[in-house]
Amino acid sequence: MELKYKSIKDVLISIFVGFSIGLSVIVPGISGSAIAMIMKVYDKLMYAFSNIFKKFKLCFIFLIPIIVGIVVGFGLGLILVKILLEAFPFITICFFVGLMIGTYPILFKEIKGEALRANKILLFIAGVIIPLIFTAVSFLAGADNSLASLNFLHYLLFFVIGILISLTQLIPGLSATVLLMIFGYYSSLMENIGLELLGNFELLLVYIVLFLGFVVGTLLFSKIINKLLETQRKPFFFVICGLSVGSVVSVFLGSDCVQIYKTWTTNAMVTDLLIGLAFLLIGFVVSFSLYLVDKKREMASKNL
């Protein structure tokens, strides 16, 4: 796998991919991995993560621009989303879901032309069901957007969520924030980020545990995904496509959205639904344009 940068353009592309990944940790609907696929960096990214200890210097140098982009994207996303969610929660979520749906053509292109055999259909259905199961579990567990009265089991849950968040960054079409919405902790995690966090060790530990889970998950699953890309690419993408569809459905059934529904009056519901639908379409158009850029680039390369 060729990881060396040949030009400044390649470095800038990696920074942009990292920026998208950092942004997608905070912004629902944006898939950093999908951007990496468009920019033809996804396979290299999985290879670098999965071989970081075996070929440390080569992989680390490749990952530096991506890490820089992640930090910048995360910081800007944090500021942007806090403002939008406080002012227009449902409309903001609809816009970000539209962004997520707009990446579908990029994902489904991977399975285009494949014979729809029973095993592949089952893989797709399994992918759809998994986010719905997470949503059901979050309700049964009583996730209520609160970080009060934390105990050992909560921290264990956050460690598992951190591992799952790493998967959303490694698998195209998935979103970390969508996952947090499914579990019902997205709003509370966003609201508690600030300088006052440094004075509350109990809350600070939540973010530390999430980060540790993320690191463990990235190192573990990058190897698995890299192997699947090499040996089971098509079946793997049937699952990914199912996961992306199930995630969108789960957002609107998750605890964060349910809390919004409870505040609706009839007029507020109608207004939010109409404006939300409009912004969902806008988000779709914005994200779908990336697919058109990718398609145009492929056609140009074929004509050379």
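Residues numbered from 1 in each chain as written. Predicted model: local features only at pLDDT ≥ 70, side-chain atom pairs only at ≥ 80, totals over all residues. Heavy atoms only, no water.

**Remarks on the packing of aromatic side chains**
The tally for this structure, following the rule as stated, stands at 11 aromatic pairs. With a centroid separation of 5.8 Å and an interplanar angle of 75°, the aromatic rings of F236 and F237 are classed as edge-to-face. Across the pair, exposure class does not vary: F236 and F237 are buried alike. Three or more aromatic residues joined by ring pairs make a cluster, and in this case those are F90, F252, Y261 and W264. (Phe/Tyr/Trp six-rings, centres within 6.5 Å; stacked < 30°, edge-to-face > 60°. Buried < 20%, exposed > 50% of the residue type's maximum accessible area, 1.4 Å probe, protein only.)

**Some thoughts on the packing of helix α3 (residues 42-50) against helix α4 (residues 56-87)**
Here α3 crosses α4 at 125°, and the two axes come no closer than 9 Å. What the angle tells us is that α3 and α4 run oblique. Remark: the crossing between α3 and α4 carries left-handed chirality. Contact residues: α3 offers K44, L45, Y47, A48 and F49, while α4 offers C59, F62, L63 and I66. For the contact of α3 with α4, a count of residues per class yields eight nonpolar, no polar and one charged. (Axes fitted to C-alpha atoms, helices over the stretch in contact; angles between N-to-C directions. Helix = DSSP H or I, 4+ residues; strand = E, 2+ residues; numbered from the N terminus. Parallel < 35°, antiparallel > 145°, perpendicular 65-115°, else oblique. Left-handed = near helix turned anticlockwise from the far one by under 90°. Contact = heavy atoms within 4.5 Å. Nonpolar A, V, L, I, M, F, W, Y, C, P; charged D, E, K, R; others polar.)

**Examining the environment of L12**
Along the chain, L12 falls in helix α1 (residues 8-26). Judged by relative accessible area, which is 52%, L12 ranks as exposed. Taking the C-alpha atoms as reference points, L12 and G69, separated by 57 residues in sequence, lie 9.3 Å from one another.

**A few points about helix α11 (residues 201-231)**
Here α11 spans 45 Å end to end across 31 residues, near enough to the 45 Å set by a 1.5 Å rise per residue. Of all the bends in α11, the greatest, near 30°, is centred on F221. (Expected span 1.5 Å × (residues − 1). Bend = angle between axes of the 7 residues up to and from the residue.)

**What about the nonpolar core?**
Grouped burial of nonpolar side chains is what soluble globular proteins tend to show. Judged by nonpolar contacts, the single largest core of 71 residues is most densely connected at F158 and I225. Ignoring any residue separated from it by four or fewer positions in sequence, one finds I225 in contact with Y42, M46, L167, L170, I171 and F236. (Core = buried A, V, L, I, M, F, W, Y, C linked by side-chain atoms within 4.5 Å.)

**So, the confidence of the model for the protein chain**
Summarising the model, the protein chain shows a mean pLDDT of 81, and 88% of its residues fall at 70 or more. Taking the mean pLDDT of every element in the protein chain, the minimum, 70, falls on helix α2 (residues 32-38) and the maximum, 87, on α11. (pLDDT = per-residue confidence, 0-100.)

**Notes on a nonpolar patch on the surface**
Where nonpolar side chains cluster on the molecular surface, the patch consists of F56, F60, I61, I64, I67, V68, V71, V72 and L76 and spans about 780 Å² of accessible area. Counting through the fold element by element, L76 comes out in helix α4. (Patch = residues over 30% accessible without salt bridge, like charges linked within 9 Å, V, L, I, M, F, W, Y side chains within 5 Å. Areas by Shrake-Rupley, 256 points an atom, 1.4 Å probe, with all protein chains shown as cover. Salt bridge = Lys/Arg side-chain N within 4 Å of Asp/Glu carboxyl O.)

**A closer look at the state of the cysteines**
Following the criterion strictly, the structure yields zero disulfides and no others. Between C94, a cysteine without a disulfide, and C257, which holds the nearest cysteine sulfur, the sulfur-to-sulfur distance is 7.2 Å. (Disulfide = S-S within 2.5 Å.)

**A look at the environment of I15**
Checked against the element boundaries, I15 lands in helix α1. In the structure, I15 is positioned 54 residues away from G69 in sequence and 4.6 Å away in space, judged by C-alpha atoms. Residues within four places of I15 in sequence aside, it is in contact with P65 and G69.

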